[in-house]
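Observations on the model geometry
Chain by chain, the residues run as shown.
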Amino acid sequence: MLKGALFTIVFVLLTLTLSAQSILGKWKTIDDITGKEKGVVEIYERDGVYFARICEIFEPEHRYKKCSRCCCEEKDKPLMGLVIIKDMKKDDEEYNGGEVLDPKNGKYYDCFIKLVNNDKLKIRGYIGVPILGRTQYWYRVKK
């Protein structure tokens, strides 16, 4: 009886620890150049593939803007709700293989995401090789 209870407690704690170590959820974005808080992005998963969309914009003058510099299907879509990270797949401790959209210039970049800790993400957008890119850190939105 004691062994069964101990096993159950260990299993529940392990499950909670592993589920807490996820990139899913809402993240506050910080501009890597200005250091200003820009908004909130929600990372979600569909069939083992990860995406992120803008769900809040802090600067009132940008809330109703459209992605005028974007091309293809994103052209002139509202920034609010825009999917800015596409097709990321988990690869050990990292998520990669997808791309990130910079709405300021409308360009896509190769991307990788790494969970620094449960409340901090490293997002790296780059051209060709990761050394040629920019890094932002996003912070989990507490409920």
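Right above here is the structure, for reference.
Described below are features of the structure shown in this document. Computed from a prediction, not measured in an experiment: that's the story for all the values here. (Residues numbered from 1 in each chain as written. Predicted model: local features only at pLDDT ≥ 70, side-chain atom pairs only at ≥ 80, totals over all residues. Heavy atoms only, no water.)

1. Some details on the pairing of strand S3 (residues 49-57)
- By the bridge criterion, 8 bridges tie strand S2 (residues 37-46) to S3 in an arrangement that is antiparallel. Directly across from Gly39, in S3, lies its bridge partner Ile57.
- The antiparallel pairing of S2 with S3 creates a hairpin that spans 2 residues between the two strands, and Asp47 there sits at a positive phi of about 55 degrees.
- Across 3 bridges, the pairing between S3 and strand S4 (residues 83-91) is antiparallel. (Pairing = 2+ DSSP bridges. Helix = DSSP H or I, 4+ residues; strand = E, 2+ residues; numbered from the N terminus.)

2. As for the state of the cysteines
- For the structure on display, the rule yields 1 disulfide.
- The residue that forms a disulfide with Cys67 is Cys70, at a sulfur-sulfur distance of 1.7 Å. The sign of the 50 degrees torsion about the S-S bond sets the Cys67-Cys70 disulfide as right-handed. Summarising the burial analysis for this pair, Cys67 and Cys70 share the class buried.
- Among the cysteines around Cys72, which has no disulfide bond, Cys71 carries the closest sulfur, lying 3.3 Å off. (Disulfide = S-S within 2.5 Å. Buried < 20%, exposed > 50% of the residue type's maximum accessible area, 1.4 Å probe, protein only.)

3. Notes on the sheet that holds strand S1 (residues 25-30)
- Pairing in this closed barrel of 8 strands is antiparallel, and the strands run S1-S2-S3-S4-S5-S6-S7-S8 around the ring. Across the sheet, the mean angle from the axis of one strand to that of its neighbour is 30 degrees, orientation sign disregarded.
- Bridging between strand S5 (residues 94-102) and strand S6 (residues 107-117) involves 8 bridges; their strand directions are antiparallel. In the strand pairing of S6, Asn96 is matched with Phe112. (Axes fitted to C-alpha atoms, helices over the stretch in contact; angles between N-to-C directions.)

4. Section: the pattern of salt bridges
- The full count for this structure, using the stated rule, is 11 salt bridges.
- Residue Asp32 is joined to Arg134 by a salt bridge in which the shortest nitrogen-to-oxygen separation is 2.7 Å. Within this pair, whereas Asp32 is found in the loop between S1 and S2, its partner Arg134 is found in strand S8 (residues 133-140), the two being separated by 102 residues in sequence. (Salt bridge = Lys/Arg side-chain N within 4 Å of Asp/Glu carboxyl O.)

5. Side note on the side chain of Asp31
- Its location among the elements puts Asp31 in the loop between S1 and S2.
- Residues in contact with Asp31, not counting those within four places in the same chain, are Lys36, Lys38, Lys104 and Gln136. (Contact = heavy atoms within 4.5 Å.)

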